There are 2 protein chains.
Amino acid sequence: MNINIKELLSKTDVRPYAMSARFGLEKESQRVTLDGALAKTDHPSILGNRSFHPYIQTDFSETQIELITPVGDSIIETLRYLAAVHDVAIRSIGNGEMLWPLSMPPRLPENDRDIKIAKLDKYEDVLYRRYLAREYGKRKQMVSGIHFNFEYGEELMARLYHSQEAYTTLEAFKNVLYMKAARNYLRYRWLITYLFGASPVSEWGYFTDKENRPTEPLRSIRNSSFGYRNREDVKVSYVSLEKYTEDIQTMVENGVLSEEKEFYAPVRLRGGKCMADLPKKGIRYIELRNLDLNPFAPMGIDEDTMQFMHLFMLFLLWTDEKEKADEWVATGELLNEQIALSHPFAQIALQAEGDRVFSEMMEMVTELGIYGQKELLTTYQEQLRMPEMTISGKMWTIIEANSNTELGIVYGKEYQGIAFERPYQLAGFRRMELSTQLFLFDAIQKGLEVEILDENEQFLKLKYQNHVEYVKNANMTSLDTYIVPLIMENKTVTKKVLKEAGFRVPEGDEFTSLEEAERAYLKYENRAFVVKPKSTNYGVGISIFKDGASGKDYIEALSLAFKEDTSILIEEFLVGTEYRFFVLDNEVKAILLRIPANVVGDGVHTVEELVAEKNTHPLRGSNHRAPLELIQLGELERLMLKEQGLMIHSIPAKDQIVYLRENSNISTGGDSIDVTDQFDESYKKLAVDAVAALGAKICGIDLIIPDKTIPANKEIPNYGIIEANFNPAMHMHIYPYSGTGRPLTMDVLKLLYPEVFK
Amino acid sequence: MNINIKELLSKTDVRPYAMSARFGLEKESQRVTLDGALAKTDHPSILGNRSFHPYIQTDFSETQIELITPVGDSIIETLRYLAAVHDVAIRSIGNGEMLWPLSMPPRLPENDRDIKIAKLDKYEDVLYRRYLAREYGKRKQMVSGIHFNFEYGEELMARLYHSQEAYTTLEAFKNVLYMKAARNYLRYRWLITYLFGASPVSEWGYFTDKENRPTEPLRSIRNSSFGYRNREDVKVSYVSLEKYTEDIQTMVENGVLSEEKEFYAPVRLRGGKCMADLPKKGIRYIELRNLDLNPFAPMGIDEDTMQFMHLFMLFLLWTDEKEKADEWVATGELLNEQIALSHPFAQIALQAEGDRVFSEMMEMVTELGIYGQKELLTTYQEQLRMPEMTISGKMWTIIEANSNTELGIVYGKEYQGIAFERPYQLAGFRRMELSTQLFLFDAIQKGLEVEILDENEQFLKLKYQNHVEYVKNANMTSLDTYIVPLIMENKTVTKKVLKEAGFRVPEGDEFTSLEEAERAYLKYENRAFVVKPKSTNYGVGISIFKDGASGKDYIEALSLAFKEDTSILIEEFLVGTEYRFFVLDNEVKAILLRIPANVVGDGVHTVEELVAEKNTHPLRGSNHRAPLELIQLGELERLMLKEQGLMIHSIPAKDQIVYLRENSNISTGGDSIDVTDQFDESYKKLAVDAVAALGAKICGIDLIIPDKTIPANKEIPNYGIIEANFNPAMHMHIYPYSGTGRPLTMDVLKLLYPEVFK
């Protein structure tokens, strides 16, 4: 049956879906020391358990980390996951090792025994690796690469299918399309090797047989016949899915292959759990296995490559096949070998075919109205005549001037450095809140499946086996009941509940009319008190009177508060130091003291210089992208200085503490000081009991404590509870300005998934 | 020890707290038939269990309902609870009976056996009532009244205490104050009897001894020696708390009283669990037992009486005692008897003393800066010379012209009528949302302790024994976990969760940039689709295109949606009828169809007349104070008429349905139709499974169903889920426009407190 896919793709109700697709990446890397030797350590135990870890595995050797992304609906999404998994892997390895950025392994140990097979739990997995070591040799297995998993969009396939009549089941139709793509991929694969081949030379210890090795440099050892591939007698036809499946199954039956997965073609057709499922269930996606690691991309692959691969996959459907299937594929094999083995700087004989491919792709992009990809195609097309601009070309320029080892070490260290630069962030998800980034880091590290349900809303789905949890803001979970945050959100209700349970809360009244509130003046006239709107949270509309108030000031404060809410609270002002207690599951996990933005004089530098110096602290940043904010020198800060008789050019005396803000918020440059270990058990018990009275599992509760050296006493209350937060920030406890960091996000994770931490 | 309380009260830091106080009411009423005969039925079983009911009990007889309020921090609060408990009691009794509004019982049965002692669970309670029947006679026990429980504010007492030095414990100080108040109350009690006495005549069957009965009318039979009181040999001194306690305990020991509670003085001092506790724990509050039922107040007592009683209690501290304690009290007894036995219209000899009391009260109010009470005092003072304006005076005016029975029947029926007028509301709490009013009704009916933590926020606390539950909006409870409403609040997340679980949701995309959204035009150009802001809920910014859209309209719709939110959704528009499924604990409790505001023609009346007619429906009201809203005839409705070629003066044909709105919201006059029983199990299972996928216990889920006669099928989806609501309205299911009402609030209560419904 013949169908014109080009025509189907061009139909108006198909076109808008042409670019819908799903992507998944698997990326291997060798773990090495900072001087480029194979790591002698085991896979880090902090990375959870390899028996289920969905993202971070080991491939052949104990040193060969394999990073796996979940399936993404877009290239960006997939790359973000890869970036995150990378970040987690590198930071988990620690800063004494790094990931080798090249496909070709680093200098390998002299003795085969020093290449350690991955220490997996399942004995059958170890046995398979032993078989591979015997069959192919350990050294060949040490090569790394990227597997690019590609699925044509569900809607695209459905719409193509509904636009034709030749096939009567969607599965059969999809099989035909995927087989065409597979054959064409093998036919035009040389172009991928040309553009993205990145294994020009080998290190000492890779080729053990002096006779049987190529003349280096070349474009891609890995994609040439010198790379890691099946023996000559492994032959599979791509004529049809049935033939493909049958060939592989026959080879396994005859013992030519030990198992299906030993079939190492550059293209694998995937669907179902095993080969036998394929013809029944149909092809679900295609696995492209021939991408070398790009050392110039921190993650081994960049967005442009992914975009090109996507367009290329669409082109493979778009373009016609010119010869019989097997011959078509065989031609492709020959062309690829020719390109792979050529010198990285050599001009190629296939420029005309290359130009034809690009011009067809350009035509396709135009016809299908695909947005903003022409520039990308032009750039790559130009490389057809500029071999030194291809990846292998760029690599050879560096290797020739320096060495392959140096190339690997320099880039490896750079990428490692990036991962450690901001340990409180997670690459790929830097737009999310820090607490969520840290939580994601922990979840990925321990091997929970994570899904971002809504990035702007910090909404995550976690999964381990059948246990699903939804988490928002890293602290809103199924651990708490619905009513608990509603209690805490309502200051009046919180106070009532705490008071009824016997805790000290500021005495006060709620008012809904100005007149009524005015009449209460006599009660507050001579006391320390606060006027605040009932439900705003960011300090707006709040007036504090530490020593009574005049009638005029009182009424002004009421008006201010009523501007923000229809209900206001007048409360006694509690004197003392405010501490944030982070309570989790009836345990105080962290206590934080927040100090207003400040600098300490040295008798030499000006305030401005001291601020600049303090702002170099690695934890300071802006817009909530770091655990601490940069100290500003704006109007409010200058006013504060003025009140202390200072200007920004004043030179404070040695050890003089200069405050730049009255409020202690971290968001206005305040310091976070972990004081967890400085507190008596009595205060911790008090906080735990108060949170229990509110019924909360996760709560940040703010206590005013005049003197923490005196143990807490519920009866003679030497404390006051001023607020309970249902969405307490966690990052400030994890990365405080001083004191010990407390791994709160990991603690929440442990509570959600005790079974993973057993 | 002598202390000048007047002086203490006048201190500047005491004065602002002078009026702080707590109040509680207990009110008895006889249950009678509509013609004023004692009810023959048992206490209604719908009113939960009398073994623990905190609000609705029976006193001596099975017909004598006792309504009890919780302790309130203000008169208003206490009266609101009384109103609510009243409402619940009257509606639970049903409309075949009513509460007798008079203190004196209605005509009593000839035979003592027909006066049934309350059928209580505890045998000791029954035994005590049998003893009372023997000792005092059943008929005397049938009198009803109000017990006014009064506590001086905690802060007032503390501040008074701290303003003096004579007493060194707060308890001792409070005891002295309460004893003074008690003595002065007994001394000036005649004024209360004069103003509020309301038992001028008895019905047939009350006095059985023809010799020993007063000449009627008088001011208060109940407060005279002909009322229900202890025998002559019961004598208690009010000299000190110790003497008071000792006297009562001695009488119980000597058998003069059967138990402490048989001491029926007009004043009781309360604190601790029993008399023995009193001297140890101190007096907590005072119980005033001499208020007759005021038949002119729907609840037997009105706010003015409460206000006067409050001022009077303060006055009793303020004013000096003039004689020795026991003589002072004895004088009061004599004066009271004189007033109680006098004719309601008679001028009294005590006007001078009355004037002195009022002038002292007025002085107190002025000195303490008590706000807005002078008018009240003046009004009551005037009654000193206008006996016909007192309650007994007003009653006698009516009784003389008609009869006591008629007085009771007329007012009893009126108050019953009020309770049934709007059965979807709860008196006292009409400012709260209807669902919360209904929920409160149910909770009070079943005898759960309820506390309003925040009225504006519909925040309740419920308690049964040690089991506390917090409830907001009658549907936000501890039954759901925190994350569940957050899932439902987020349309994108809801759809993802439902889709991953295999349910049909509208296909669509989320966009955060106009440019990006514009590019998706090709996908929607020819489809039925909706553009909406991601997180607003009230239809604002939503555009519906039932048949594709022009590029211009498309972009306009995008702009509209982006005005409301930074994220917008474009979704396929599902065609069919929308139904609200209310799912509770894995069960569909109600299904509702909402029809846009409409009238049905009769060929005679104009649209305007038909609307006016439809608006007379008892369930229609305005501003969400009724289950259905009045249909408007504003701009939108006229436009809608115009589209159908009609005007408000047009006369629609018989059976012609004229829609006045496009949207089906109940809030714009739509009809709510309960269709729970019209649905196949398959749809109910579908809704239950979808809600389970979201993890919710309480959820209103909206399904689009093209044809409900075809059973639901998850695989060939003949439905679509368009929204899941975490705060679903309940009142519209309980009181639908047509179809069966579904008691959802009671269902929620059952789920929260299964132990109460066992």
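Rules of the game
- Residues numbered from 1 in each chain as written.
- Chains lettered and ligands numbered in written order.
- Predicted model: local features only at pLDDT ≥ 70, side-chain atom pairs only at ≥ 80, totals over all residues.
- Heavy atoms only, no water.
- Helix = DSSP H or I, 4+ residues; strand = E, 2+ residues; numbered from the N terminus.
- Buried < 20%, exposed > 50% of the residue type's maximum accessible area, 1.4 Å probe, protein only.
- Contact = heavy atoms within 4.5 Å.
- Lys, Arg positive; Asp, Glu negative; His and termini not counted.
- Charge placed at Lys NZ, Arg CZ, Asp CG, Glu CD.
- Buried area = accessible area lost by both parts, 1.4 Å probe.
- Salt bridge = Lys/Arg side-chain N within 4 Å of Asp/Glu carboxyl O.
- Polar contact = N/O pair within 3.5 Å; in protein donor to acceptor, adjacent residues only side chain to side chain.
- Nonpolar A, V, L, I, M, F, W, Y, C, P; charged D, E, K, R; others polar.
- Least-squares fit on C-alpha atoms with pLDDT ≥ 70 in both.
- Pairing = 2+ DSSP bridges.
- Axes fitted to C-alpha atoms, helices over the stretch in contact; angles between N-to-C directions.
- Core = buried A, V, L, I, M, F, W, Y, C linked by side-chain atoms within 4.5 Å.
- Domains from an automatic or database assignment.
- Phe/Tyr/Trp six-rings, centres within 6.5 Å; stacked < 30°, edge-to-face > 60°.
- Parallel < 35°, antiparallel > 145°, perpendicular 65-115°, else oblique.
- Left-handed = near helix turned anticlockwise from the far one by under 90°.
- Expected span 1.5 Å × (residues − 1).
- Arc of directions from axis to C-beta.
- Patch = residues over 30% accessible without salt bridge, like charges linked within 9 Å, V, L, I, M, F, W, Y side chains within 5 Å.
- Areas by Shrake-Rupley, 256 points an atom, 1.4 Å probe, with all protein chains shown as cover.

Participant: I'd like a description of the overall build of chain A, backed by residues and values.
Facilitator: The number of helices and strands found in chain A is 24 helices and 23 strands. The dimensions of chain A, computed from C-alpha atoms along their principal axes, are 100 × 60 × 50 Å. In chain A, buried positions account for 58% of the 758 residues. In chain A, 72% of the contacts between residues at least 6 apart in sequence involve partners at least 24 apart. Side chains of chain A give 88 positive and 113 negative charges; the mean places of these two sets differ by 3 Å.

Participant: Explain the interface of chain B and chain A to me, using residue names and the numbers behind them.
Facilitator: Accessible area lost during the coming together of the parts is what is often quoted as the interface size. Contact residues are listed per partner, giving 41 residues for chain B and 41 residues for chain A. Between chain B and chain A the total buried area reaches about 3600 Å² when both faces are included, carbon and sulfur atoms providing 59% of it. Of all residues in chain B, B:Tyr470, B:Tyr482 and B:Ile483 bury the most surface against chain A, accounting for 19% of the area lost on that side. Linking chain B with chain A are four salt bridges, by the criterion used here. When the shortest N-O distance is used, the salt bridge between A:Lys461 and B:Glu500 registers 2.3 Å. Where chain B meets chain A, there are 16 residue pairs in polar contact (both at pLDDT 80 or more). Taken together, the elements giving at least two residues each to the side of chain B that touches chain A come down to strand 8 (449–454), strand 9 (459–464), strand 10 (467–472), helix 15 (483–489), helix 16 (491–500), helix 17 (514–519) and helix 18 (521–524) of chain B. Counting residues per element, the side of chain B that touches chain A draws most heavily on helix 16 of chain B, which supplies five residues. Looking at the side of chain B that touches chain A residue by residue, the classes come out as 18 nonpolar, eight polar and 15 charged.

Participant: Please give an account of the relation of the copies chain B and chain A that cites residues and values.
Facilitator: Taken as rigid bodies, chain B and chain A are interconverted by a rotation of 180° and an axial shift of 0.0 Å, the fit giving an RMSD of 0.1 Å. A rotation of that kind, with that shift, is consistent with a two-fold axis. By residue overlap, the copies meet face to face through one surface: 98% of the interface positions of chain B are interface positions in chain A.

Participant: Account for the sheet that holds strand 8 of chain B, with residues named and values stated.
Facilitator: Residues and elements named next belong to chain B. In space, the three strands of this open sheet follow the order 8-9-10, with antiparallel pairing throughout. Edge positions in the sheet fall to strand 8 and strand 10, since each has one partner strand and no second. If you compare each strand with its neighbour and ignore which way they point, the axes differ by 20° on average. Inspection of the sheet shows strand 9 paired to strand 10 by six bridges, in the antiparallel sense.

Participant: Help me get a handle on the nonpolar core, residues and values and all.
Facilitator: Counting residues in each nonpolar core, the largest one holds 155 residues, and the members touching the most others are A:Phe148, A:Trp190, A:Tyr238, A:Tyr244, A:Leu269, A:Phe308 and A:Phe312. Ranked by residues supplied to this core, first place goes to helix 5 (residues 170–196) of chain A with 15 residues. Counting contributing residues, this core receives three or more from each of domain 1 (5–421) and domain 3 (577–751) of chain A. Formed by 147 residues, the second largest nonpolar core is a distinct cluster that contains B:Met361, B:Leu407, B:Val450 and B:Phe582.

Participant: Lay out the packing of aromatic side chains with the relevant residues and their values.
Facilitator: Residues and elements named next belong to chain B. The tally for this structure, following the rule as stated, stands at 70 aromatic pairs over all chains. Ring geometry for Phe 529 against Tyr 554: centres 5.9 Å apart, planes inclined by 55°, an arrangement best described as tilted. Residue Phe 529 is located in strand 12 (residues 529–533), and its partner Tyr 554 is located in helix 19 (residues 551–564); the two are separated by 25 residues in the primary sequence. Residue Tyr 554 is classed as buried on the basis of its relative accessible area, which comes to 1%.

Participant: Go over the sheet that holds strand 11 (residues 508–511) of chain B with me, naming the residues and quoting the values.
Facilitator: Residue and element names in this part refer to chain B. The strand order across the open sheet built from four strands is 11-14-12-13, with neighbouring strands paired in antiparallel fashion. The open sheet terminates on both sides in strands that have one partner only, identified here as strand 11 and strand 13 (543–545). When strand polarity is set aside, the average angle formed by the axes of neighbouring strands in this sheet is 15°. One ladder, built from four bridges, connects strand 11 with strand 14 (residues 568–572); its direction is antiparallel. Bridge pairing links Gly 508 to Glu 571 in strand 14. Its contacts with the sheet put helix 16 on strand 11, strand 12 and strand 14, and the angle it makes with strand 14 is roughly 40°. In the packing of helix 19 onto the sheet, contacts are made with strand 11, strand 12, strand 13 and strand 14, and the angle to strand 12 comes to roughly 30°.

Participant: Could you give an account of the packing of helix 2 (residues 75–93) of chain B against helix 8 (residues 303–318) of chain B, with specific residues and numbers?
Facilitator: Residue and element names in this part refer to chain B. In contact at an axis separation of 10 Å, helix 2 and helix 8 are set at 140° when each is read in the N-to-C sense. With respect to their mutual orientation, helix 2 and helix 8 come out oblique. Helix 2 and helix 8 meet at a crossing whose hand is right-handed. Along the contact surface, helix 2 presents Ile 75, Ile 76, Thr 78 and Leu 79, while helix 8 presents Glu 303, Met 306, Gln 307 and His 310. Tallied by class, the residues present in the contact of helix 2 with helix 8 amount to four nonpolar, three polar and one charged.

Participant: Help me get a handle on the pairing of strand 3 (residues 64–68) of chain B, residues and values and all.
Facilitator: All names here are of chain B. The element strand 3 is extensively covered by neighbouring structure, given that four of its five residues are classed as buried. Two elements, strand 2 (residues 56–58) and strand 3, share three bridges in a ladder whose sense is antiparallel. Among the inter-strand pairings, Ile 56 is bridged to a residue of strand 3, identified as Leu 67. Taking the residues between adjacent antiparallel strands as the criterion, strand 2 and strand 3 are bridged by five residues.

Participant: I'd love a proper account of unusual backbone geometry, names of residues and values included.
Facilitator: Residues and elements named next belong to chain A. The omega angle of the peptide bond from Glu 216 to Pro 217 is 0°, so this bond is cis rather than trans. For Pro 217, the position within the fold is in the loop between helix 5 and helix 6 (241–253). One non-glycine residue, Asn 623, lies in the positive phi region at around 55°. Summarising the element assignment, Asn 623 is placed in the loop between strand 18 (620–621) and strand 19 (628–629).

Participant: So what's going on with the pairing of strand 15 (residues 577–584) of chain A? Residues and values would help.
Facilitator: Residue and element names in this part refer to chain A. Counting buried residues in strand 15 gives six out of eight residues, a clear majority hidden from the surface. Strand direction decides the pairing type here: strand 15 and strand 22 (residues 698–705), joined by eight bridges, are antiparallel. Across the sheet, the residue bridging to Phe 582 is Gly 700, located in strand 22.

Participant: Explain the pattern of salt bridges to me, and be specific about the residues and the numbers.
Facilitator: Residues and elements named next belong to chain B. Here the structure, examined in full by the defined rule, presents 92 salt bridges over all chains. The partner of Glu 97 in a salt bridge is Arg 31, with the nearest N and O atoms 2.9 Å apart. Remark: Arg 31 occurs in strand 1 (residues 21–33) and Glu 97 occurs in strand 4 (residues 97–99); sequence separation between them is 66 residues. Residues Glu 97 and Arg 31 agree in their burial class; the two are buried. For Lys 119, the salt bridge identified is with Asp 42, shortest N-O distance 2.6 Å.

Participant: Quick rundown of the environment of B:Leu569? Include the residues and the values.
Facilitator: Residues and elements named next belong to chain B. Mapping Leu 569 onto the fold places it in strand 14. Considering only alpha carbons, one finds Leu 569 and Lys 532, 37 residues apart in sequence, at a separation of 5.3 Å. Not counting the four nearest positions on each side in its chain, Leu 569 is found in contact with Lys 491, Thr 492, Asp 509, Glu 510, Val 530, Val 531, Lys 532 and Lys 534.

Participant: Kindly report on helix 6 (residues 241–253) of chain B, identifying the contributing residues and their values.
Facilitator: Residue and element names in this part refer to chain B. The end-to-end C-alpha distance of helix 6, which contains 13 residues, comes to 18 Å, matching closely the 18 Å that a straight helix rising 1.5 Å per residue would cover. All of the buried residues in helix 6 are Leu 241, Tyr 244, Thr 245, Asp 247, Ile 248 and Met 251. End-on view of helix 6: buried residues confined to an arc of 160°, all on one side of the axis. Buried residues along helix 6 sit against helix 5 (170–196), strand 6 (267–270) and helix 7 (277–281).

Participant: Break down a nonpolar patch on the surface for me, with residues and values.
Facilitator: Among the surface-exposed residues, A:Val600, A:Ile657 and A:Tyr659 lie close enough to one another that they form a single nonpolar patch of about 240 Å² accessible area. Judged by its relative accessible area of 43%, A:Ile657 falls in the partly exposed class.

Participant: I'd love a proper account of the environment of B:Tyr464, names of residues and values included.
Facilitator: All names here are of chain B. One can find Tyr 464 in strand 9. Looking at Tyr 464, the relative accessible area reads 11%, which means it is buried. For the pair formed by Tyr 464 and Phe 52, sequence separation is 412 residues and the distance between their alpha carbons is 8.7 Å. Not counting residues up to four positions away in its chain, the partners in contact with Tyr 464 are Phe 52, Leu 448, Tyr 753, Glu 755 and Val 756.

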